[in-house]
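Letter by letter, the chains look like this.
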Amino acid sequence: MNSTARLVALACAGCAVLLTGCAVDGAPNPERRSSAVPGPTTTAAVAPDAAVRLADRYRRSGGTKDVYGIRRSSGPDGVPLVTVWTHKKDEDAARSFGDLKVSITSYLERHEGLSLERGYLMDVFGPDGSLLHRLDARP
């Protein structure tokens, strides 16, 4: 084997060794929960029809009048993902979000049969479609 062929073989072997150590997350581990909460950071300012109907039921039962959309979907590992559209801006963020999440999750459990046994994820979008709050309430 001439010196050029030897150098190429060595370079290829070295690259192969280096590349085998380059993994983003390694093999999936079902025991490990993703720390990233899924979902966009912006959305359309108009809630989908089904989300509008759910928000109407929520408001009729005494829920916050600023909520104009609520969508239930499945997040990672089947944990409920609740997406909320509100007319309210983010003035009193901590207090209003705390009240809102309790009001919505209580309604969904009592009236819509949603199980929060495994926790939930919640995204709240403002009137312009921007993300106001993102919560990971999994145990």
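See the structure printed just above.
Residues numbered from 1 in each chain as written. Predicted model: local features only at pLDDT ≥ 70, side-chain atom pairs only at ≥ 80, totals over all residues. Heavy atoms only, no water.

Chemist: Just to check I follow, could you spell out the nonpolar core for this structure?
Modeler: Considering soluble globular proteins, one finds that nonpolar side chains tend to be buried as a cluster. Among the nonpolar cores identified, the biggest contains 18 residues, and Val-67, Ile-70, Val-82, Val-84, Ile-104, Leu-108 and Met-122 are the most heavily contacted of them. Those elements that provide at least two residues to this core are α2 (49-60), β1 (67-74), β2 (80-86), α3 (93-112) and β3 (121-125). Examining the composition of this core, we find that 5 residues originate from one element, α3, more than from any other. What Ile-70 contacts, discounting residues up to four positions off in sequence, is Ala-50, Ala-51, Leu-54, Ala-55, Tyr-58, Val-82, Thr-83, Trp-85, Ile-104 and Leu-108. Residues Ala-47, Ala-51, Tyr-68 and Trp-85 belong to the second largest nonpolar core, which totals 5 residues. (Core = buried A, V, L, I, M, F, W, Y, C linked by side-chain atoms within 4.5 Å. Buried < 20%, exposed > 50% of the residue type's maximum accessible area, 1.4 Å probe, protein only. Helix = DSSP H or I, 4+ residues; strand = E, 2+ residues; numbered from the N terminus. Contact = heavy atoms within 4.5 Å.)

Chemist: Whenever I open this one, unusual backbone geometry confuses me. Can you help?
Modeler: Of note in this structure, Asp-77 is not a glycine but carries a positive phi near 60 degrees. As for its placement among the helices and strands, Asp-77 is situated in the loop between β1 and β2. Overall, Asp-77 belongs to the exposed group, its relative accessible area being 57%.

Chemist: Just checking my understanding: could you explain the pattern of salt bridges for this structure?
Modeler: Oppositely charged side chains are able to pair whenever their charged atoms sit close together. Summed over the entire model, instances satisfying the criterion amount to 4 salt bridges. For Arg-57, the salt bridge identified is with Glu-112, shortest N-O distance 3.0 Å. Here Glu-112 lies in helix α3 and Arg-57 lies in helix α2, a separation of 55 residues in the sequence. Classification of Arg-57 as partly exposed rests on a relative accessible area of 33%. Of the residues examined, Glu-112 reaches a relative accessible area of 22% and is grouped as partly exposed. With a shortest N-O distance of 2.7 Å, Asp-136 and Arg-138 are connected by a salt bridge. When its relative accessible area of 25% is taken as the criterion, Asp-136 is described as partly exposed. On the accessibility criterion, Arg-138 (9% relative accessible area) is buried. (Salt bridge = Lys/Arg side-chain N within 4 Å of Asp/Glu carboxyl O.)

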